[in-house]
Every structure is written in structure tokens, then in C-alpha cells.
Amino acid sequence: MFVLRWTPQALSQFNALQDQAQKVVRSRRKSGRGKSSKQEGLFKQVVKTLQLLASNPRHPGLATHAYECLSHPYRAGDKVFEAYAQNRTSGAYRIFWCYGPDKGQITIIAITPHP
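In this report, we go over the structure that sits alongside the text. From a predicted model like this one, the values you see are computed outputs, not experimental measurements.

Moving on, we come to helix 1 (residues 8-31). Look at helix 1: 35 Å from first C-alpha to last across 24 residues, which is about the 34 Å you get at 1.5 Å a residue. Among all positions of helix 1, only Ala10, Gln13, Phe14, Leu17, Ala21, Val24, Val25 and Arg28 are buried. On the buried face of helix 1, the contacting elements are strand 1 (3-6), helix 2 (38-55), strand 4 (93-99) and strand 5 (105-113). Directly after helix 1, the chain includes glycine 32, whose backbone phi takes a positive value near 85°.

Written out as C-alpha cells, the structure is:
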């Protein structure tokens, strides 16, 4: 198991997704609708991806691979990785992460829709 650390940007993005999902849940329950929304599903997918990442960064469902366009926040030259929170969806969300700063830690750099 890895301990997840967050950059301020990633934490802000996660909190925004969570706030949107909670807002929609409250609205849906108030109106009596039963079907979950896109925002709820997205947040659940991001949470599941983070859980898989913490337990096994090489899990096949994450489709983890090195991402060249971001620099490592702790050690220049080390790799930054991209994991899929969604797949086969327009604007599919990705989680960018790296190992560190200490052994047994993963830092979440960003949670964003695929560019």
C-alpha cells in the first residue's frame, strides 16, 4: 500500500469534483430522482482510481504509463505517470502522479480531463 500525497492543485481539483457530486446528490434526492448523475459517476470513478493507485500503481485497469510533458515535483529527471480514471469517453479524466517524495508515497499532481 502506498500513502497518497497531494499537490495543492490536485487537492483543489479533487475537492471541486467532490463538491459538484455532493451538490447533485442533494438536488437529486430533493427532487426524488433515482438515477445518478454524470458528476456522481465521475467522482466515483476518480475515487476508485485513487484506491487502485494506492494499492497497486501497476493495476491493468489504470493503464498507467509515463507522461513526458510534466516535470517531477521532487526530483528532476524522474518520471511522472498518467493513470486513467475514465476510458472511451470524450474528455475522459486522467490522474497524473509520481512516486515520492519518500519511499512508499505517491504524489497526486493533477486530476484533469484528457487534453
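Next comes the rest of the account.
One pass over the structure, following the stated rule, counts seven aromatic pairs. Plain terms: the ring middles of tryptophan 6 and phenylalanine 14 are 5.1 Å apart, the flat faces sit at 50° to each other, and that makes the pair tilted. Residue classification places tryptophan 6 among the partly exposed positions, given a relative accessible area of 29%. Between phenylalanine 81 and tyrosine 99, the aromatic rings sit 5.7 Å apart at their centres with planes inclined by 75°, giving edge-to-face as the arrangement. Placement of phenylalanine 81 in strand 3 (residues 80-84) and of tyrosine 99 in strand 4 is noted, with a sequence separation of 18 residues between them. For phenylalanine 81, a relative accessible area of 16% corresponds to the buried category. Overall, tyrosine 99 belongs to the partly exposed group, its relative accessible area being 29%.

Criteria and thresholds
Residues numbered from 1 in each chain as written. Predicted model: local features only at pLDDT ≥ 70, side-chain atom pairs only at ≥ 80, totals over all residues. Heavy atoms only, no water. Helix = DSSP H or I, 4+ residues; strand = E, 2+ residues; numbered from the N terminus. Expected span 1.5 Å × (residues − 1). Buried < 20%, exposed > 50% of the residue type's maximum accessible area, 1.4 Å probe, protein only. Contact = heavy atoms within 4.5 Å. Phe/Tyr/Trp six-rings, centres within 6.5 Å; stacked < 30°, edge-to-face > 60°.

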